[in-house]
Structure formats: C-alpha cells, structure tokens
Amino acid sequence: MWSVTTTADRFPQGLHRHRPFVHSLVDILLDDETAVGLARLAGRGEEGALKILVLGGDGFCGWPASLHLSAAGHEVVIVDNFSRRRIDEELGAQSLTPICSNSQRRAAWREVSGREIRLAVIDLAADYDRLLELLRVEKPQVIVHYAEQRSAPYSMKSPAHKRYTVNNNVNVTHNVLCAIVESGLDIHLVHLGTMGVYGYGTAGMAIPEGYLGIRVDGEQGELREEILYPTHPGSIYHMTKVLDQDLFAYYAKNDALRITDLHQGIVWGTSTTQTRLDERLINRFDYDGDYGTVLNRFLVQAAIGYPLTVHGAGGQTRAFIHIQDMVRCVELAIANPPRRGERVKIFNQMTETHRIRDLAALVSRLTGASVENVPDPRKEASENELRVVNDSFLDLGLSPITLTEGLLEEIAQTAAKYRERVDISKIPARSLWTKDLRPGVPAAYRHSAKQ
Ligand SMILES: NC(=O)c1ccc[n+]([C@@H]2O[C@H](COP(=O)([O-])OP(=O)(O)OC[C@H]3O[C@@H](n4cnc5c(N)ncnc54)[C@H](O)[C@@H]3O)[C@@H](O)[C@H]2O)c1
C-alpha cells in the first residue's frame, strides 16, 4: 500500500545527486519499533500536553522550535525530507556551525532531557498518501508548518529553482490543508509565513496584522470591510507565501479549518535555551549569499575580516525577530488557536525594524569591521520606511528580546569560534533578480579566482 517515490525530477539539477531519496514505511516509524508503539502513543498525553507535528523540524527554525515544544511537555513528531541538507550539497555550502544528523540530534535530546522526539521522513510536496496516513495514525492536535524552501535568492537563481520553489512550497501547503480535511481531524495549523508578503515599499502607515479595513462606495452607500492586506511579493519565494495565504483563506472559509498564519520577520541569532544545552543540539547558522540572513551574515563577515556587504546604499528597512522569541511566539500561537469557522488568524511575528546600513554600522562599531557598499543583486526599493503593528503577541505576553550589543556579542563569538569553516567564495550574494543586475561582491574580491 506504500508507494516508493523518487523526487529526482523535481529538484534543480544536482540537488538529488548525493543521497538516495527512497524511503519505506520503516522510515516513517523511525523511533518506534512497530506500528503498535505508535498507535499506543496516539492520543496519550500528559495534562495539557499536545501532540504536535513539526513540518520542517530539521531546519533553522523548526529544530529549535521542536526542542522548545518538547521541553514544554508536548509530544513532538518532526516531519522532514532533509531537502535543506541536500541544498547545502547542491550549493557546496555548509552551516557555519557543525550540525549533527537528525538522529544524532534526537538521541542527544533524549539523553539531555529524557524526552523523545520522533521523526517521519516524508516529502510533503510529493507523498500525499503518506502524509494522510501519518495524520490518521498520529492524530495530532497541532501542525506547525515550516516545511518550505525559504530563501528568496535561491528561488531566483534559475528557472529550475523558481519552479522547484513554487512546486515545493505550494504543494506542501496544499497537501497539508487537503490532508487535514480528508483526515476529518480538528487540527490547528500554524504556518510560518513572512513579512515579505506585504512588500518592502513604504506603506505610509503601520502595516496591520494581515487584514486591512477599507471603505468603498457600494450600490447602497458606503461599504466597510476587512480584506487581506494587498500583497507585493518581492521574489518567487515571497510569491509562494502569498499563494499560501489565499489557500488558507479558502480552507478556513470552505472547510472551517483552524489556521494561524505567522508573518515572520528575519530571524537573527542561532541558539535558544535548549540548543545551548549540548553541542550536538547546535542549530544551523547560514552565512552564504543564498541562505544567510543579513545580521548573521554581517557577524560572520566581521569574524573573518571580510567587509560587511551592504547592498546599494543600505536604505532597505526590514523587520526582525530573535530566534528565542520565534519559538516563544509559536508556543503562544499554539495556545491561542482560532475557533472553527473563524477567519485565518494572522499575527505579525516581528519585534523591531532596522535599516540595513544602521545594522552594518552597529556591527562595525562592535567589531571594528569595515563596511562596503556593493551592487544590489535584488530588484527592490533602495530606501523604504517600515512600521508594523505587532500588538497580538505583545497582548499575549511576549516580552521581546531586542537587538542589543550583548546578544550580538554572543553570536559574534559563535561566528569567531567556527570561522575556520567559512568558505569566503560562498559569501557574496550572486543570485540576480534580473539579468541586468550585478552580484554583491566587494571590489577586492571581484577578480579573485574563487569569485
Ligand atoms: N529563517 C528566517 O529568517 C525566516 C523568516 C521568515 C519566515 N521564515 C519561514 O519559516 C519557515 C522555516 O524557515 P527556516 O529558516 O527554518 O528554513 P530551513 O530551510 O532551514 O528549514 C525548512 C525545513 O523544511 C524542510 N522541507 C522543505 N521542503 C520540504 C518538503 N517538501 N517535505 C518535507 N520537508 C521539507 C527542509 O528540509 C528544512 O529542514 C519557512 O517557511 C520560512 O519561509 C523563515
């Protein structure tokens, strides 16, 4: 009854090369010896504990979130196909921090905490039947959905990368929604979206949490309504999050699914309370031009004496959230689900905004690194203002960790500790939004052989 699939034809060239992508039922039940064990676990639970599937639980956000939720007493099952690890191989890049295999990670967590996190290896974009079977066996109360290709530059690298990103992200989201309906279970879906769905222009107002109140002239007079905030995706990746948003609205309306969509800012930092407990629990730390996020990249650049690469004049303003707040927000969202029949709950999951050149100045002040303005490989506004409403999480008790020099110091120390692992040829952002743009390479590196 189980079909064995290969996804070779769905990945950009080379992505599938290194690891056979064939799994059996046994892989789904990795930590439990038999299906009987799984059935026994299904539905059991400590007081207030929930059964939670963390889709994409091997990734940068999903791994610390899985640990956090497990530490909070929930029963966590990670679902992942390790595509992110294969993308590292495709790009010839690696996490700055030496991350363990998922089974080593989970064994370490078991040792440290006495708690079990199980794993199901499923390609959620392709293996609908296995996903549905997993829901039927596990009967989770909550699904946290991180399982998407999340890099904007990666999504813009080539037609193959664009198509992969759309196929992967939209199919994962739709398969999950469809499987929830088909399972008949009342599951709360918590999805990680992005602030990027709103676009990065200047709105001239504080961006509301997902919905915009409008007044229009109707046939019988003025009409007042709340609509989804108009979208302005700035990349194919962001476009997939826009498509996700419409899928959520549809399934909440048609099937009364309970859905929370978290419009998340750029995550900074790398470790959380749990990942610090043991070296084997260490989280990924991307610094390369495709997956590295801006602040973490600056800190690595500073650690190895590479100029801080500011795209254009660095006038872009972006929303940020610390990784510890990210896991806390997900826990808060889980604890405050929408009712059946309610529209999708949308939270802006960010705690502060910063202009990129100001961030570079801050890191430069802290570390003595030089700053260099390089060409901007993205098609984006060179300057924008950004004000964002984030009352929902504040009202639920979030006390934000803001970008202080003390915390930056901690990340800078991590960057310095592993600097021998840095491949400088991977640092520049080379993925171009259109052919007429140029990569973000500092002048001194433009003609070197590795560049
Ligand atoms: N990292 C950030 O700064 C940030 C900011 C805003 C939003 N987000 C969102 O949060 C989510 C997680 O981001 P991340 O930084 O942890 O990314 P990541 O790439 O580190 O993790 C994503 C995980 O999902 C898995 N995955 C992808 N496609 C899959 C599939 N078809 N089947 C099963 N597993 C699959 C990957 O193997 C990986 O482990 C993404 O949806 C992203 O858009 C991240």
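Everything numeric in this text was worked out from a predicted model, so none of it was measured.

Asks: I keep staring at the overall build of the protein chain and nothing clicks. Help me out?
Replies: Summing up its helical and strand segments, the protein chain has 14 helices and 16 strands in all. Sorting the 451 residues of the protein chain into buried and exposed places 48% on the buried side. At a minimum sequence separation of 6, the contacts of the protein chain that also span at least 24 residues come to 82%.

Asks: When you look at the packing of helix 6 (residues 128-138) against helix 8 (residues 159-183) in this model, what are you seeing that I'm missing?
Replies: Any two packed helices are characterised by how steeply their axes cross, that is the angle between the axes, and by the distance between the axes. Remark: helix 6 packs on helix 8, axes separated minimally by 9 Å, with the N-to-C direction vectors making an angle of 45°. It follows from the interaxial angle that helix 6 and helix 8 lie oblique. Helix 6 and helix 8 meet at a crossing whose hand is right-handed. Two secondary-structure elements touch here, helix 6 through Tyr128, Leu131, Leu132, Leu135 and Arg136 and helix 8 through Asn175, Ala179, Glu182 and Ser183. Taken together, the residues of the contact of helix 6 with helix 8 sort by class into five nonpolar, two polar and two charged.

Asks: Which parts of the structure should I look at to understand helix 14 (residues 405-417)?
Replies: At 3.6 residues per turn, the α-helix brings residues three or four places apart onto the same side. End to end, helix 14 covers 18 Å across 13 residues, agreeing with the expected 18 Å (1.5 Å per residue, within 8%). Structurally, helix 14 contributes buried residues whose contacts are with helix 10 (294-303) and helix 12 (356-367).

Asks: What am I meant to see in the nonpolar core here?
Replies: Side chains of nonpolar character tend, in soluble globular proteins, to be buried together. The biggest cluster of nonpolar side chains holds 96 residues, and the ones touching the most others in it are Leu55, Val144 and Leu299. Discounting chain neighbours no more than four positions away, the residues touching Val144 are Ile52, Val54, Leu55, Ala65, Val190 and Val330. Counting five residues, the second largest nonpolar core, distinct from the first, contains Met156, Ile236, Tyr237 and Met239.

Asks: Quick question: what am I supposed to make of the sheet that holds strand 5 (residues 188-194) here?
Replies: Within a sheet, adjacent strands bond to each other through the backbone by hydrogen bonds, running parallel or antiparallel. Within the open sheet, the seven strands sit side by side as 3-2-1-4-5-9-13. Their pairing is parallel. Since the sheet does not close on itself, it has two edges, and those belong to strand 3 (117-121) and strand 13 (345-349), each with one partner. Taken pair by pair, the neighbouring strands of this sheet meet at an average axis angle of 20°, ignoring direction.

Asks: How do you make sense of the sheet that holds strand 12 (residues 317-322) when you look at a structure like this?
Replies: Read across the sheet, three strands follow the order 10-12-14 without closing on themselves; strand pairing throughout is mixed. Single-partner strands in this sheet number two, and they are strand 10 (266-268) and strand 14 (352-355). Averaged over neighbouring strand pairs, the angle between their axes works out to 45° when direction is ignored. Direction of pairing for strand 10 relative to strand 12: parallel, over a ladder of three bridges. Counterpart to Val267 in the pairing with strand 12 is Ile321. Helix 12 contacts strand 12 and strand 14 of the sheet and is inclined by roughly 85° relative to strand 14.

Here is what the cut-offs are and how they apply
- Residues numbered from 1 in each chain as written.
- Predicted model: local features only at pLDDT ≥ 70, side-chain atom pairs only at ≥ 80, totals over all residues.
- Helix = DSSP H or I, 4+ residues; strand = E, 2+ residues; numbered from the N terminus.
- Buried ≥ 20, exposed ≤ 12 C-beta atoms within 10 Å, placed from the backbone.
- Contact = placed C-beta atoms within 7 Å.
- Axes fitted to C-alpha atoms, helices over the stretch in contact; angles between N-to-C directions.
- Parallel < 35°, antiparallel > 145°, perpendicular 65-115°, else oblique.
- Left-handed = near helix turned anticlockwise from the far one by under 90°.
- Nonpolar A, V, L, I, M, F, W, Y, C, P; charged D, E, K, R; others polar.
- Expected span 1.5 Å × (residues − 1).
- Core = buried A, V, L, I, M, F, W, Y, C linked by C-beta atoms within 7 Å.
- Pairing = 2+ DSSP bridges.

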